[in-house]
Amino acid sequence: MFNTNTINRFQQLETPFYYYDLDVLRKTLEACTGASAKYGFHVHYAMKANFNPKVLDTIQSFGLGADCVSGNEVKAAIEHGFGKEKVVFAGVGKSDKEINLALDADIFCFNAESVQELHIINDLAKAKNKKANIAIRINPNVDAHTHHFITTGLDENKFGINTWQLTDVADALRNCPNLQFLGIHFHIGSQITDMEVYKNLCTRINEIQDWFNDRGFEVKVLNTGGGLGVDYHNPDTNGVSDFESYFKVFKDFLNVKPGQEVHFELGRALVAQSAALISRVLYVKNGIKKNFLVLDAGMTELIRPMLYQAYHQIENLSRRESESLEVRKSESKELEVSHHSPLTTHYDVVGPICESTDCFRKDVELPQSFRGDLIAIRTSGAYGEVMASGYNLRDRVGSVYSE
Ligand SMILES: *Cc1c(COP(=O)(O)O)cnc(C)c1O
């Protein structure tokens, strides 16, 4: 991701910023669309993972649809050229304003998350003399085997409609003439790496579509949601998620009827590896028990470690093996001695924000580091820049592109 030219370019720039490697993004999109096309599967990009304009334009150019979770995301998707016939709108709390916006935009489908929401969409559609396409987001009670903070498909979660409420759903669909039932929707969590989880999801989807069929509802769309994970520990050696295995599970275990469409909503797996948060060391604080690297980036730029206890690989770009070799060749004999022993230190890598949780990771082994060193926090393309905040009245984080 970083060659010497890239790092030299970083030296000239004000930190912190997100660095987007558009080659990595395109390589990932090629792998995903190649694998899904084999089975005729439809992929929507879950926009909330990253709505940086260049990222959106690149993803749109690969022909993906958009999965939105707010009215503004619906608007942005359409502005960035995602066809309205490929826009889906999920979310447990869609406001009337957002529903109206999506109705006006004639999106492909609302993924409805409660019986009450069905009635509201029906009323608002009726007022516009329209019919809204509906998929029912169902909570399948499948354990995603991921961090409990990012599990969404268990009975205890706020998302979706539980299966014991399906009779009410069927009644509502029959009594709401301004709703057009399209199919069923699921999304059980994020950063899922165990394919067995998706196999379990397929089994539940098969049962649930039978339930609808038995009651006379034609299920045209099976939307399995997203959640495919990435390798946060090996961004260079395992930089593209295993889309082949992922789609094959659904091909093998989902009961797809003739003419039925299978939809996916991937966020993280498409964008996570394409960006790193680049910052500089402001201060090195050496204590008795702890050494701290205080960076000029914090939870206001990347909140994942603080919000979900997420792991990110952290690298000192100014002290890489290859960099220090070059220094050794070009600079004085004294430097040669100090660079010969690969001195490493354990640091708590922290941000400047006035919160104790503002720590990217504890006890990180890094080459001995100094004020001004460039630090990369890898795999930050998903749920990174989009969650940036202005807390402490911080500057807005910048974005820099590989081209
Ligand atoms: C967030 C979200 C996704 C994408 O999840 P990833 O883990 O980023 O793939 C898909 N569908 C819905 C409804 C979501 O809320």
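Counting restarts for each chain: residues are numbered from 1 in the order of the written sequence. Totals for whole chains, interfaces and linings use all residues, but because this is a predicted model, local features are given only for residues with pLDDT of at least 70 and pairs of side-chain atoms are given and counted only at 80 or more. Hydrogens and water molecules were not included; the side-chain quantities draw on all heavy atoms of the structure.

**A short note on the site of the ligand**
The immediate surroundings of the ligand are formed by 16 residues, with K48, S190, E265, R268 and Y383 found nearest. Two N or O atoms form a polar contact when they lie within 3.5 Å of each other; inside protein one atom must be a possible hydrogen donor and the other a possible acceptor, and for residues adjacent in sequence the pair counts only when both atoms belong to side chains. One of the side-chain N or O atoms of S190 is found 2.3 Å from an oxygen atom in the ligand. A distance of 3.0 Å separates an oxygen atom of the ligand from a polar atom in the backbone of G267. Contact with the protein chains hides 95% of the accessible area of the ligand, taken as 390 Å² for the molecule alone. Grid points spaced at 1 Å over the protein atoms alone were grouped into cavities, where a 1.4 Å probe fits but cannot get out, and pockets, open sets with protein on both sides within 12 Å along at least five of seven lines, with lining residues defined by an atom within 4 Å of a point. Cavity and pocket membership follows a simple rule, namely that a molecule belongs there if more than half of its atoms are within 2 Å of the grid points. Among the cavities detected, the one that contains the ligand is the largest pocket. Proximity is defined per residue: any heavy atom of the residue falling within 4 Å of a molecule or strand makes that residue near it. Under the convention used here, a 1.4 Å probe and the Shrake-Rupley method define accessible areas, while residue burial counts only the protein chains that appear.

**Points about the layout of surface pockets**
As a volume, the largest pocket reaches approximately 590 Å³. The helix and strand labels rest on DSSP assignments: H or I over at least four residues marks a helix, E over at least two residues marks a strand, and numbering proceeds from the N terminus. Elements with a contribution of two residues or more to the lining of the largest pocket: strand 10 (261-266) and helix 10 (268-271). Residues were grouped as follows: Ala, Val, Leu, Ile, Met, Phe, Trp, Tyr, Cys and Pro as nonpolar; Asp, Glu, Lys and Arg as charged; and all remaining residues, including Gly, as polar. By residue class, the composition of the lining of the largest pocket is 13 nonpolar, twelve polar and nine charged. What counts as a domain boundary in this text is fixed by an automatic or database domain assignment. Split by domain, the residues of the lining of the largest pocket number at least three in each of domain 1 (22-272) and domain 2 (273-401). Grid points are joined across faces, edges and corners, and a volume is the space filled by probe spheres set on the points.

**Quick word on the packing of aromatic side chains**
Aromatic contacts are taken between Phe, Tyr and Trp rings whose centres are within 6.5 Å, Trp giving its six-membered ring; a plane angle under 30 degrees counts as stacked, one over 60 as edge-to-face, and the others as tilted. Scanning the entire structure with this criterion turns up 21 aromatic pairs. Ring plane angle 70° and centroid distance 5.3 Å describe the contact between F10 and F17, whose orientation is recorded as edge-to-face. A residue is classified by how much of its surface remains accessible, and F10, at 0% relative accessible area, is buried. Linked through ring pairs, Y39, F41, Y198, Y246, F247, F250 and F264 together constitute an aromatic cluster. A positively charged side chain is recorded as over a ring if its NZ (Lys) or CZ (Arg) lies within 6 Å of the ring centre. The angle to the ring normal must also be within 35 degrees. The ring of Y401 carries the charged tip of K54 above its face, separated from the ring centre by 4.7 Å. Seen from the ring of W211, R215 lies directly overhead, with NZ or CZ sitting 4.0 Å from the centre. Accessibility here uses a 1.4 Å probe with only protein chains present; expressed as a share of the type maximum, an area under 20% marks a residue as buried, one over 50% as exposed, and anything in between as partly exposed.

**Digging into the domain arrangement of the protein chain**
What the domain assignment lists for the protein chain is domain 1 (22-272) and domain 2 (273-401). Should any heavy atoms of two residues lie within 4.5 Å, those residues are considered in contact. At the interface, 24 residues of domain 1 touch 22 residues of domain 2. Two parts placed together each lose some accessible area; with a 1.4 Å probe, that loss summed over both constitutes the buried area. Summing both partners gives a buried area of about 2,100 Å² for domain 1 against domain 2, and 53% of it is carried by carbon and sulfur. On the domain 1 side of the interface with domain 2, the three residues burying the most area are Y232, P235 and A272, jointly 27% of the side's total. Note on definitions: salt bridges are taken to be side-chain nitrogens of Lys or Arg within 4 Å of carboxyl oxygens of Asp or Glu. Taken together, the links from domain 1 to domain 2 amount to one salt bridge. Across the pair D236 and R378 runs a salt bridge, and its minimum N-O distance is 3.1 Å.

**Remarks on helix 9 (residues 243-253)**
Of all the positions in helix 9, only F243, Y246, F247, V249 and F250 are classed as buried. Taken end-on, helix 9 shows its buried residues confined to a sector of 145°, consistent with a single buried face. Elements in contact with the buried residues of helix 9: helix 2 (22-37), strand 2 (42-46), helix 8 (195-214), strand 10 and helix 10. Directions from the helix axis toward the C-beta atoms define the arc.

**A few points about the pattern of salt bridges**
This model, assessed by the stated rule, comprises 16 salt bridges. When the shortest N-O distance is used, the salt bridge between D23 and R26 registers 3.1 Å. Within this pair, D23 and its partner R26 are both found in helix 2, separated by three residues, close to a single helical turn. In this structure, D348 and K290 form a salt bridge, with 3.0 Å as the shortest nitrogen-oxygen distance. On the criterion of sequence distance, the pair formed by D348 in strand 14 (residues 344-350) and K290 in the loop between strand 11 (275-286) and strand 12 (291-295) is long-range, its members being 58 residues apart. On the accessibility criterion, D348 (4% relative accessible area) is buried. Residue classification places K290 among the partly exposed residues on the basis of a relative accessible area of 33%. In this structure, a network of salt bridges that share partners links the residues D23, R26 and E403.

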